[in-house]
Amino acid sequence: MRSPGALLLFLLLPAALAFKQSDFKICSQSGFCRRGRALAARAQESSSSWHSPYSIDPPELSPRQPGFTTSVHSSIHPNVKFVLDVMIHEEGIVRVRMDEENGLRKRYNEAAQWALIGEPPLSNDVLWTTKGGKAKAVYGPKKDMELVVDFNPLKITLFRGGKEQVTLNGRGLLHMEHFRTKEDPKLAEHIESEGQSVLQVNPAAWFEGDTQDAFWEETFSTWTDTKPKGPESLSLDITFPNHAHVYGIPQHATNLSLPSTTGPTAKYTDPFRLYNADVFEYLSDSPTSLYGSIPLMHAHSATSTVAVFNALASETWIDIAHVEKGGVETHWISESGILDVFLLPGPTPTDVFTQYAHLTGTAPLPAQWSLGYHQCRWNYVSSDDVRGVQNRFDDEDFPVDVFWLDIEYAEDHKYFMWNKKTFPDPVEMTKDVEAVERKMVVIVDPHLKRSNDYPVYKRASELGVLVKPKSGEGEYEGWCWPGSSSWIDFFHPGSWDFWISLFKTNTIDGQWSWTESTNNIGVWNDMNEPSVFNGPEITMPKDNVHYGGWEHRDVHNINGMLFANHTFQAAEARTDPPRRPFVLTRAFYAGSQRFGAMWTGDNLGTWEHMTIGVKMVLANGVGGMPFAGSDVGGFFGNPEPEMLVRWYVVGAFSPFFRAHAHIDTKRREPYLLEEPYKSLLRDILRLRYSMLPVWYTAFRETSESGVPILRPQYVMFPGDEAGFGIDDQYYIGSSGLLVKPVTQKGIKEVSVYIAEDQVYYDYFTNHAHRTKNRHITLPANLDQIPLLIRGGSIIPTRERPRRSSPLMKHDPFTLRIALDTSGNAHGEVYLDDGETYGYGRGDVVWRVFGAESTKGKGKGIGTVRISSADLAARTQVGAYDPKNEFARSVGDVRVEKLIVLGLGKKPLNVVLDGGRELEWEFASEGGVLVVKDPAVRVVDDWAIVVKLE
């Protein structure tokens, strides 16, 4: 029987736990979006006669300065002052800022402060000239970059090699709604004068329209947004005239190459929306906003890539139109904030990723165990349940690294506090899991039960660090899982040390902390959009007040990032020296990649959601958030065995690999399936574990460069137009592995697109595929995975089945050496202790493997020299010493097998360079050489010579 409080909470949940469009706004229900789209419609109707009302004073420029600041004038509001700041930074990044100057109020200007890792360095390689109403900057190593700023009307254009890359306000849609008083006269009114009715014409009507549409108040469903500051929206058109594909702006359930939302090719009728929201059972094809928002868009063509990062934290709508001439027009409409746009010049996808990473940071190298398999459901109901699940994994020989606990572990949903009826021994339970080198992850949501017997809420209330209602006084009260709840305001500096203190496993200064936990527990931050069951659009009212007097509307999309940010810091601070924490977040923003992983939220157990999950994870990588995955099996529903097997493959080839399920679903741990499905899942999990060296090495690269772990075709082959729209196959880092997960029912074979004249090998059969029409057909029965090795790659794996990844530390390596058409190959493996930050001191093993062929007397290969060299020594990792502490700890790890693909003929002998002959066997069908136990150590330099003539 439900308690009255539980019944009320149930009634407040979104009906039927299914997507209801009526719970969320569309553009026509949002006043500022209506105004923005109406502005664009007026511009289109006026065609060539349309012009921007904004102009700037010619700036005072010395030739070598990095940029300028000048006044902006509006012809429709001549008494309103604006200021423009244009700066060119290192790597050719351009930053454009515009704000209202000396206005009635202050526009929110702190979004970039939270997203950036620091102020980007200014360029010292710029030459400015002013002529003909324009200012032009020439810069770049080749002096082929030009930034042109037109004074009247204001327009900013970035060129490379004389070709237009991106233009701001080229269509004249820039509009910064200035602050005003509510007592201002109507835009048009009749005035009685000497008995005559005189129409007072509003000079701004041609641009702004003639009605005050939702300026001061707006109602949606039963909620009213009071809008105490009045209208303050920002409209900006950004055009990519020579780029036909745009990517990014996650999170949306849509294609990787973003479709049109307006114009004759429109797929959707609404713009893409960025407004973090708790969306139950979201649609599998929609521009609807989801849990995270990264206002970063890449534009790509066969000759260049460019990107824009629009640092806004408020609700934003983005219209996209693919135009006939092969370009893309976009229109960004935001509710509040200053204009703060970064232009990332590329010119390659890799360059853009690196430029964005230098602004907002990279994903840190994660704890290695977090790359293993995660088992979760809402909920494992007791300590005994957790122990029982772990025992079944071991009994059935399924590897797993992490067990998760959802909200029911907490007494009355008071996070950190265990329900002792069901979890009487939480520390002992956790240590039982940790005894076999596994970990627990426990959920901690941002809503705090408003109860004085809950020490977390009581202390937050005493500190005055809770979000305030629109009055700016007291504590905002909303409803979430505990019932009546309040939310910590993580914009408030007073909350930061408090939050860190909660995660301490020992009591400090008499303050309550999570002593019933361990230093190894990972943390799951859910519901941090924030989700408010009785709030507008299932979130917090926009007129709530945060630290500094900012309204929630100003900071909404950043809110969830700060929660995960401070959780990451808190988990890291549990130990001294710190260890790498694991934090999973649902809501995110630009810069969230610095604080952990994300998942795609409350998906359904359908083929459509499996398919879209692949595209969403790719899009998140493009958006700078590579540690991503979707819930295997779908959060809702009971997938059939075929679907579940296919979904485990999707998970095994995702950076974050977690199975999760709703409380109303049937148990579906992998050991519960009947044969043959159970064995298929075991094989998939073992495959993932064997490839952990590939994944960890890929994460190392991403942590340095920002290039995503999962790489779509356009990233790998930026000049190949046929691949720009492909989003159902991808490469894993620089490994050379190409996978095409099956996400449709009943599939027996798949066609894989190949963009180059290169040999590709089947990972499982070693069969060499040489394309004739750029496609390879692969068998894809339920027990087969379409996985290829690109010729020229060396894949390091560990093939010994283990219960968890830390137990693999001393396991030997197998090297798959896939020779390219020239008989060469290369690859890497990166190792460290997987837990600490010792890698920053050089405690690593980082090896580069190579295969170099010499020609024989005929057309074939004469010899192949396979070698290992110290890559860390070449790249100067920290204070690197080849005999560092970690290298010594794995000094006994050897290479136990070499598999060489593509030899063509049987060798005469295989010898260790300068030493003994090795044992080997050769399969003439396919030309596969297997060298058995060469007894070389992974930490050493060595070479093995395969002589064919």
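Residues numbered from 1 in each chain as written. Predicted model: local features only at pLDDT ≥ 70, side-chain atom pairs only at ≥ 80, totals over all residues. Heavy atoms only, no water.

A word on the domain arrangement of the protein chain
The domain boundaries assigned to the protein chain delineate domain 1 (31-177 + 231-347), domain 2 (372-445 + 491-540 + 550-711) and domain 3 (809-949). Centre-to-centre, using C-alpha coordinates, domain 2 lies 35 Å away from domain 3. Counting residues at the interface gives eleven residues for domain 2 and twelve residues for domain 3. Surface buried jointly by domain 2 and domain 3 totals about 1,000 Å² across both partners, of which 56% is contributed by carbon and sulfur atoms. (Domains from an automatic or database assignment. Contact = heavy atoms within 4.5 Å. Buried area = accessible area lost by both parts, 1.4 Å probe.)

Regarding the pattern of salt bridges
A complete count under the given rule lists 61 salt bridges for this structure. Residue Arg273 is joined to Glu315 by a salt bridge in which the shortest nitrogen-to-oxygen separation is 2.8 Å. Of the two residues, Arg273 is situated in strand E17 (residues 272-274) and Glu315 in the loop between strand E19 (305-310) and strand E20 (316-322); the sequence distance between them amounts to 42 residues. The exposure class assigned to Arg273 is buried, which follows from its relative accessible area of 2%. Linked by salt bridges that have partners in common, Asp225, Lys229, Glu232, Arg273, Glu315, Glu335, Glu537, Lys542, Glu551, Arg553 and Asp554 make up one network. (Salt bridge = Lys/Arg side-chain N within 4 Å of Asp/Glu carboxyl O. Helix = DSSP H or I, 4+ residues; strand = E, 2+ residues; numbered from the N terminus. Buried < 20%, exposed > 50% of the residue type's maximum accessible area, 1.4 Å probe, protein only.)

Describing the sheet that holds strand E32 (residues 628-629)
Taken in spatial order, the eight strands of this open sheet run E32-E31-E30-E29-E25-E24-E23-E33, and their pairing is parallel. Single-partner strands in this sheet number two, and they are E32 and strand E33 (657-659). Sheet topology note: the strand E23 (residues 373-375)/strand E24 (residues 402-405) ladder contains two bridges and is parallel. Note that in E24 the partner of His374 across the bridge is Val402. Packed onto the sheet, helix H10 (residues 552-572) meets strand E29 (522-525) and strand E30 (583-585) and runs at close to 175° relative to E30. Together, E23 and E33 form the strand contacts of helix H12 (residues 641-652), whose direction differs from that of E33 by roughly 150°. (Pairing = 2+ DSSP bridges. Axes fitted to C-alpha atoms, helices over the stretch in contact; angles between N-to-C directions.)

Points about the state of the cysteines
Tallied over the full model, the rule gives one disulfide. Paired by a disulfide, Cys27 and Cys33 hold their sulfur atoms 2.0 Å apart. Classification of the bridge connecting Cys27 and Cys33 rests on its S-S torsion, roughly -100°, and on that basis the disulfide is left-handed. Across the pair, exposure class does not vary: Cys27 and Cys33 are buried alike. We note that Cys376 lacks a disulfide partner, and the nearest cysteine sulfur, in Cys480, lies 17 Å from it. Owing to a relative accessible area of 0%, Cys480 belongs among the buried residues under this scheme. (Disulfide = S-S within 2.5 Å.)

Side note on helix H6 (residues 383-395)
The end-to-end C-alpha distance of H6, which contains 13 residues, comes to 18 Å, matching closely the 18 Å that a straight helix rising 1.5 Å per residue would cover. Of all the positions in H6, only Ser383, Asp385, Val386, Val389, Gln390, Phe393 and Asp394 are classed as buried. Elements in contact with the buried residues of H6: E23, E24, helix H7 (426-434) and strand E25 (439-443). Positive backbone phi, at 60°, marks Asp397, one or two positions downstream of H6. (Expected span 1.5 Å × (residues − 1).)

Quick word on the pairing of strand E38 (residues 759-762)
Along E38, one buried face is formed by Val759 and Tyr761 and the opposite face, lined by Tyr760 and Asp762, is buried too. Of the pairings in the sheet, the one linking E38 to strand E39 (residues 768-770) comprises three bridges and is antiparallel in character. Paired with Tyr761 across the two strands is Ala768, which belongs to E39. Linkage of E38 to E39, two consecutive antiparallel strands, is achieved through a turn of five residues, within which Asn766 is found at a positive phi near 70°.

Overview of the packing of aromatic side chains
Applying the stated criterion across every chain, the model contains 52 aromatic pairs. With centroids separated by 6.1 Å and ring planes inclined at 80°, the aromatic side chains of Tyr648 and Phe657 adopt a geometry described as edge-to-face. A residue is classified by how much of its surface remains accessible, and Tyr648, at 1% relative accessible area, is buried. One aromatic cluster is present, built from ring pairs that chain together Trp369, Trp404, Trp524, Phe582, Trp599, Phe627, Phe656 and Phe699. (Phe/Tyr/Trp six-rings, centres within 6.5 Å; stacked < 30°, edge-to-face > 60°.)

What to know about unusual backbone geometry
Cis rather than trans, the peptide bond between Gly346 and Pro347 has omega equal to 15°. Omega for the peptide link from Glu675 to Pro676 comes to 10°, which places this bond in the cis form. In this structure, Glu437 takes a positive phi of about 60° despite not being glycine. Here Glu437 lies in the loop between H7 and E25. Given a relative accessible area of 34%, Glu437 falls into the partly exposed group.

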